[in-house]
Amino acid sequence: MKRRFSLCISVLLCIGAYAGSGPTIYKKGWIDFNKNGVKDVYEDPSAPLDARVHDLLSQMSIEEKTCQMATLYGSGRVLRDSLPTEQWKNEIWKDGIANIDEQANGLGTFGSTLSYPYVNSVENRQAIQRWFVEETRLGIPVDFTNEGIRGLCHDRATMFPAQCGQGATWNKELISEIARVTAEEAKALGYTNIYSPILDIAQDPRWGRVVECYGEDPFLVGELGKRMIKGLQAEGLVATPKHFAVYSVPVGGRDAGTRTDPHVAPREMRTLYLEPFRKAFCEAGALGVMSSYNDYDGEPISGSYHFLTEILRQEWGFKGYVVSDSEAVEFVAGKHKVADTYEDGIAQCVNAGLNVRTNFTAPDEFIIPLRKAIADGKISFDTVDKRVAEVLRVKFWLGLFDNPYRGDGKLAEKIVHSKEHQAVALDAARQSLVLLKNEKEMLPLSKSIRKVAVIGPNAEEKKQLICRYGPANAPIKTVFQGIKEMLPDAEVVYRKGCDIIDPHFPESEILDFPKTEEESRLMDEAVAVAQNAE
């Protein structure tokens with residue numbers, strides 16, 4: 001009831017803000033999205049959600065439907081323009097688009113020019129949303145998606161420990177607080193769908209994305225994931241957990257070139273790797289999910305009817321939409337070789353249950369062959385209607401057809417990376433620390449210490465502490481800097497000691513190699529300062 005009341009206020013604010021400043025589509029209490037001067041069912045805020053979906057779907061052309069099945073990457077990656085241009089009338093998204101990912105968040109070619117101050121970012125997405133509402137035939141709003149596994153993926157948002165650090169706290173209430181902060185900042189900035197949490201379990205330490213997982217235990221991952229999902233969706237956002245499914249155990253623990261063939265028995269698959277996702281949908285009600293690009297038992301997940309329909313929808317009752325991980329659709333034919341052509345791979349994915357294709361390439365590259373697959377009879381019109389209806393249902397749940405212009409620049413300036421949010425992040429960081437042993441009670445460091453050696457490749461690292469899926473341009477204080485500040489009267493010396501990866505990696509994991517001259521120098525320097533320290 002509280003959310004509905006807030007939504008009504010949002011509708012009035014939206015109409016008050018935009019009535020009289022543009023076309024006459026902004027009416028008292030509703031928006032004339034299709035510009036016909038009549039309040040259609042889908043434009044009526046008081047109509048049942050399913051009736052609104054059905055009415056809109058009945059008015060859509062096949063071009064408009066297929067555009068609701070693709071992502072447009074923002075921030076100069078695919079969407080090259082910072083703001084709408086006349087040329088957009090000639091682009092494929094003239095008929096709409098499902099979502100725009102990472103627009104004006106501080107990444108991409110535009111960097112901070114669109115994302116900071118925060119009000120610039122809010123106004124940018126609102127301007128783009130206005131184009132889709134006012135310039136496309138049916139005015140279907142965009143779902144603005146963004147990452148958020150350790151704080152919102154936005155320029156100078158509040159950063160939290162990596163998910164492995166969050167998992168190390170074993171604190172469900174803390175995860176709820178992290179979700180609250182992430183949601184508050186996302187709402188203020190105008191994002192509507194957050195790709196979080198990661199629900200993969202990490203059981204192979206060789207795998208390069210272990211840091212992004214809550215842990216190896218499905219109960220822990222499931223319980224913490226539930227808190228993140230509920231916290232995001234309680235604020236009226238969609239939570240899109242990832243990567244469904246059996247993603248985190250590629251053969252040999254290699255990520256990059258493999259991403260295939262997880263050696264997992266059916267019982268393990270169910271009780272370990274799927275269990276956190278079952279909780280996400282059955283107990284937390286997540287309205288989004290990202291399908292992974294790996295296979296299971298020779299079948300690509302993103303093209304698997306068993307995973308995307310039988311398990312996800314029929315068994316677990318999923319009511320949202322499925323978005324592919326980048327290149328997951330392309331991999332069906334290109335990597336997994338289970339489809340003869342890209343068009344066949346698209347048909348396999350859509351028939352399996354995929355709603356929206358995401359990749360760092362133009363949406364035309366998916367939408368045009370998708371339309372051909374439909375014309376060739378490889379995908380039925382009923383299946384297309386079902387997939388599009390699931391996307392629209394989420395957009396109506398979000399309230400985008402009542403208030404499409406999300407975000408509040410003034411509020412964002414007050415709360416994004418606020419002192420209160422930084423305090424939550426500091427608490428999370430402290431709770432994430434795991435002290436394995438404290439020989440001779442060395443910690444905490446005494447203020448009377450006069451010489452300290454700080455050694456290790458991460459002690460003065462900044463770049464690698466900023467996560468691609470967390471806040472961009474976050475203010476980083478290194479371990480070395482922190483110790484120097486805590487011990488202002490001591491001589492604090494840093495030496496790197498070694499690199500994270502040696503010159504012979506990965507062969508050096510199993511074979512011995514003599515140290516290079518550079519490796520010997522780094523080690524000798526570290527040993528020397530360590531011997532001279534207290």
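To be clear, the structure that these remarks concern was listed above.
Here goes a summary of the coordinates provided.

Reading the values: rules and limits
Residues numbered from 1 in each chain as written. Predicted model: local features only at pLDDT ≥ 70, side-chain atom pairs only at ≥ 80, totals over all residues. Heavy atoms only, no water. Helix = DSSP H or I, 4+ residues; strand = E, 2+ residues; numbered from the N terminus. Rg over C-alpha atoms; globule rule 2.2 N^0.38 Å. Buried < 20%, exposed > 50% of the residue type's maximum accessible area, 1.4 Å probe, protein only. Contact = heavy atoms within 4.5 Å. Pairing = 2+ DSSP bridges. Axes fitted to C-alpha atoms, helices over the stretch in contact; angles between N-to-C directions. Parallel < 35°, antiparallel > 145°, perpendicular 65-115°, else oblique. Nonpolar A, V, L, I, M, F, W, Y, C, P; charged D, E, K, R; others polar. Disulfide = S-S within 2.5 Å. Right-handed = clockwise from strand over helix to strand, strands pointing away. Polar contact = N/O pair within 3.5 Å; in protein donor to acceptor, adjacent residues only side chain to side chain. Salt bridge = Lys/Arg side-chain N within 4 Å of Asp/Glu carboxyl O. Left-handed = near helix turned anticlockwise from the far one by under 90°.

Side note on the overall build of the protein
Assigned secondary structure in the protein consists of 18 helices and 13 strands. For the protein, the C-alpha radius of gyration of 25 Å lies close to 24 Å, the compact-globule estimate for 534 residues. Along the longest, intermediate and shortest principal axes, the C-alpha atoms of the protein span 80 × 50 × 40 Å. Counting across all 534 residues of the protein, residues that qualify as buried make up 54%. Within the protein, residue pairs in contact and separated by at least 24 positions form 78% of the contacts whose partners lie at least 6 positions apart.

Concerning the sheet that holds strand β5 (residues 143-147)
An order of β3-β4-β5-β6-β7 is seen for the 5 strands of this open sheet, with the pairing classed as parallel. This sheet does not close on itself; its edge strands, each paired only once, are β3 (71-73) and β7 (238-239). Note: β5 against strand β6 (residues 193-195), 3 bridges, orientation parallel. Of the residues in β6, the one forming a bridge with E147 is Y195.

Description of the packing of helix α8 (residues 266-273) against helix α9 (residues 275-282)
Direction vectors running N to C along α8 and α9 enclose 50°, while the axes themselves pass 5 Å from each other. The angle between α8 and α9 falls in the class oblique. Taking contact as the criterion, the partners of R270, T271, L272 and Y273 in α8 are, on α9, E275, P276 and F277. Looking at the contact of α8 with α9 residue by residue, the class counts come to 4 nonpolar, 1 polar and 2 charged.

Let's talk about the state of the cysteines
Overall, the coordinates contain 0 disulfides when judged by the stated rule. Lacking any disulfide linkage, C213 is separated from the closest cysteine sulfur, that of C164, by 8.5 Å. A relative accessible area of 1% places C213 in the buried class. With no disulfide of its own, C349 has C67 as its nearest cysteine by sulfur position, at a separation of 18 Å.

Here we look at the pairing of strand β13 (residues 491-495)
On β13, burial follows the alternation: V492 and Y494 on one face are buried, whereas E491, V493 and R495 on the facing-out side are not. Note that strand β12 (residues 451-455) and β13 share 5 bridges and pair parallel. Each bridged residue has a counterpart across the sheet, and for I455 the counterpart in β13 is R495. With respect to chirality, the unit in which β12 leads through helix α17 (residues 479-486) into the neighbouring parallel β13 is right-handed.

A look at the pairing of strand β11 (residues 321-324)
With burial as the criterion, each face of β11 is covered, one bearing Y321 and V323 and the other bearing V322 and S324. Pairing of strand β8 (residues 288-291) with β11, which is carried by 4 bridges, proceeds in the parallel orientation. Each residue of the ladder has a partner; that of S291, found in β11, is S324.

Examining the environment of K477
Relative to the helices and strands, K477 resides in the loop between β12 and α17. Taking relative accessible area as the criterion, K477 reaches 52% and is therefore assigned exposed. Between the C-alpha atom of K477 and that of L465, which follows or precedes it by 12 residues, the distance is 9.7 Å. Dropping the residues within four chain positions of it, K477 is found in contact with G482 and E485. Here E485 takes part through its side chain, which lies 2.8 Å from a polar atom of the side chain of K477.

Considerations on helix α10 (residues 305-315)
When we look at burial in α10, the residues that qualify are F307, L308, T309, I311, L312 and R313. Count one or two residues on from α10 and you reach G317, which has phi positive near 75°.

Quick word on the pattern of salt bridges
Counted according to the given criterion, the structure contains 37 salt bridges. The residue R180 makes a salt bridge to E184 at a minimum N-O spacing of 3.1 Å. Taken as a pair, R180 and E184 lie in helix α6 (residues 172-189) at a separation of 4 residues, close to a single helical turn. In this structure R180 comes out as buried when scored by relative accessible area, which is 19%. When its relative accessible area of 24% is taken as the criterion, E184 is described as partly exposed. Note that K496 and D499 form a salt bridge whose closest N and O atoms lie 2.6 Å from each other.

Focus: the packing of helix α2 (residues 49-59) against helix α14 (residues 381-398)
Across the interface, α2 lies against α14 with an axial gap of 9 Å and an inter-helix angle of 130°. Of the possible angle classes, the one that applies to α2 and α14 is oblique. Between α2 and α14 lies a crossing whose hand is right-handed. Here α2 contributes L49, D50, R52, V53, L56 and L57 to the contact with α14, which in turn contributes D385, V388, A389, L392, R393, F396 and W397. When the residues that make up the contact of α2 with α14 are grouped by side-chain class, the tally is 9 nonpolar, no polar and 4 charged.

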